[in-house]
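These are the residues of each chain, in order.
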Amino acid sequence: MNGKCLIFIFILFVSIRIAAQPHQQVHPKREFRGAWIQAVNGQFLGKSTDELQQYLINQLNGLQEAGINAIIFQIRPEADALYASEIEPWSRFLTGAQGK
């Protein structure tokens with residue numbers, strides 16, 4: 001094969017590949033685009049309420065900008081809680097010691 005034939009085959013192949021790509025919206029309305037915010041790596045440890053609130057706001061804003069439309073937030077990592085509860089103890093991932 002000569003060079004012109006190879007170039008033609010390459011252009012034909014690329015054209016077919018491009019035409020075969022599905023046309024997608026940037027963020028389809030009915031698409032579930034989720035993110036999981038977990039609490040077990042110590043990212044919340046030692047933060048004040050205000051610091052934790054700002055940290056989560058920044059994280060959620062970043063996820064929203066990325067097109068995420070659903071958040072799965074782990075609020076009970078080890079049969080404890082990341083919120084005030086009369087039933088479950090405070091999580092060690094907030095305070096460093098479970099129940100405090």
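Use the structure listed above.
Quick look at the structure, then. (Residues numbered from 1 in each chain as written. Predicted model: local features only at pLDDT ≥ 70, side-chain atom pairs only at ≥ 80, totals over all residues. Heavy atoms only, no water.)

Turning to the overall build of the protein chain, a few remarks are in order. Broken down by element type, the protein chain carries three helices and two strands. Reading the secondary structure of the protein chain in the N-to-C direction produces α-β-α-β-α. Going through the 100 residues of the protein chain one by one, you find that 17% of them count as buried. Sequence separation of 24 or more characterises 45% of the internal contacts of the protein chain that already satisfy a separation of 6 or more. Total accessible area on the protein chain is roughly 8,000 Å²; 59% of this is exposed by carbon and sulfur atoms. (Helix = DSSP H or I, 4+ residues; strand = E, 2+ residues; numbered from the N terminus. Buried < 20%, exposed > 50% of the residue type's maximum accessible area, 1.4 Å probe, protein only. Contact = heavy atoms within 4.5 Å. Areas by Shrake-Rupley, 256 points an atom, 1.4 Å probe, with all protein chains shown as cover.)

Here we take up the packing of aromatic side chains. Tallied over the full model, the rule gives zero aromatic pairs. Directly above the aromatic system of Tyr-55 lies the positively charged group of Lys-47, at a separation of 5.1 Å from the ring centroid. (Phe/Tyr/Trp six-rings, centres within 6.5 Å; stacked < 30°, edge-to-face > 60°. Lys NZ or Arg CZ within 6 Å of the ring centre and 35° of its normal.)

So yeah, pure geometry; function would need other evidence.
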